[in-house]
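# Topology and contacts: notes
Single-letter residue listing:
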Amino acid sequence: GVTNMQDMFRQAKWSGGSIDVSSWDVSSVTGTGFNSFIRETIGLTAGIDTSGWQISSSLTDMGTFAYYSDLGGDIDFSHASCDLSGITSWNLAFQGTGLTGFKLHGSSSFAAVTTMTNMFYVGTVLIPTADYDALLLRLAATATNTGVTLGANASNYTLGGAVETARDTTLIAGRTWTINDAGGV
């Protein structure tokens, strides 16, 4: 399979609205191989289907994956073999996009994460509360690094119960994270 997809569609102009890459074998992509994959693309307003991706634990950087692109719709990392555990940086991954969903598998791991600064940052990136809740729960369960910053400024989490505890007690108070989001609802 392919080992590097860095800059593959960077600054591309797309007329079809979406790309179905769900069947692509990306299991050999390593290191920074997804950096700027669809960065600054135009016309991907209906999204990119990543639902079949089996990401390897040797991938370390998702930074600027879709930075300031027209990407809309969902990013789907819910495949059981989609291993996010080796990714250290999600910095700027979806900043400035029109992303409307961020799907995770129930056992997704963020064990290696050290930066998520501006991951879902700038105005239009508003992932649903249920998706943001799932992210916060998976981070609290698997991300043990301290001092991480998560930028999700337009996203809300569910007040009361497990999600609020995960965010406020486990991540912010316990692991000294800085979380920039739109607050609880």
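One numbering rule holds for all chains: residues counted from 1, following each sequence as written. In keeping with the model being predicted, local features are shown solely for residues with a pLDDT of at least 70 and side-chain atom pairs are shown and tallied solely at 80 or more, while totals for entire chains, interfaces and linings include all residues. Side-chain descriptors were evaluated using all non-hydrogen atoms of the structure, hydrogens and water having been removed beforehand.

## A few points about the packing of aromatic side chains
Paired rings are identified among Phe, Tyr and Trp, the last through its six-membered ring, by centres lying within 6.5 Å, and are further divided according to the angle between planes into stacked (under 30 degrees), edge-to-face (over 60) and tilted (the rest). Scanning all chains against the criterion turns up 13 aromatic pairs. For the pair Phe-77 and Trp-90, a centre-to-centre distance of 6.0 Å together with 70° between the ring planes defines the contact as edge-to-face. Residue Phe-77 is found in strand E3 (residues 72–77), and its partner Trp-90 is found in the loop between E3 and strand E4 (98–104); the two are separated by 13 residues along the sequence. There is no split in this pair, since Phe-77 and Trp-90 are both buried. Only DSSP runs of H or I with at least four residues qualify as helices, and only runs of E with at least two residues qualify as strands; both kinds are numbered from the N terminus onward. Whether a residue is buried, partly exposed or exposed follows from its accessible area with a 1.4 Å probe, protein chains only, as a fraction of its type maximum: under 20%, in between, or over 50%, in that order.

## Structural notes on the side chain of Thr-115
Mapped onto the fold, Thr-115 is located in the loop between E4 and helix H1 (129–142). Classification of Thr-115 as buried rests on a relative accessible area of 18%. Engagement of the side chain of Thr-115 in a polar contact is seen with the side chain of Thr-117, the distance being 3.2 Å. In what follows, a contact means two residues having at least one pair of non-hydrogen atoms within 4.5 Å. Filtering out sequence-adjacent residues up to four positions away, Thr-115 remains in contact with Thr-88, Ser-89, Trp-90, Asn-91, Val-148 and Thr-149. Pairing of N or O atoms within 3.5 Å defines a polar contact, subject to two protein rules: one partner must be a possible hydrogen donor and the other a possible acceptor, and residues neighboring in sequence count only if both atoms are side-chain atoms.

## Quick look at the confidence of the model for the protein chain
A residue-level look at the protein chain finds 95% of positions with pLDDT of 70 or above and a mean pLDDT of 85. Within the protein chain, helix H2 (residues 162–175) carries the highest mean pLDDT (98), whereas strand E2 (residues 47–49) carries the lowest (76). Note on scores: pLDDT gives the predictor's confidence for each residue, bounded by 0 and 100.

## Considerations on the side chain of Asp-181
Turning to its location among the elements, Asp-181 is positioned in strand E6 (residues 178–181). With a relative accessible area of 16%, Asp-181 lands in the buried category. One polar contact links Asp-181 to Arg-167, side chain to side chain, over a distance of 2.9 Å. Setting aside its immediate chain neighbours within four residues, Asp-181 contacts Tyr-132, Ala-152, Asn-153, Ser-155, Tyr-157 and Arg-167.

## Here's the deal with the packing of H1 against H2
Between N-to-C directions, angles span 0 to 180 degrees; the directions come from axes that are lines fitted to C-alpha atoms, helices contributing only their stretch in contact. Two elements in contact, H1 and H2, have axes whose closest approach is 9 Å; the angle formed by their N-to-C orientations is 45°. Of the possible angle classes, the one that applies to H1 and H2 is oblique. Crossing of H1 against H2: the hand is left-handed. Each of Asp-133, Leu-136, Leu-137, Leu-139 and Ala-140 in H1 lies in contact with H2, whose residues at this interface are Ala-162, Val-163, Ala-166, Arg-167, Thr-170, Leu-171 and Arg-175. Orientation is classified from the angle alone, with under 35 degrees giving roughly parallel, over 145 giving roughly antiparallel, 65 to 115 giving roughly perpendicular, and any other angle giving oblique. Crossing handedness follows the turn of the near helix against the far one: under a right angle anticlockwise gives a left-handed crossing, and clockwise gives a right-handed one.

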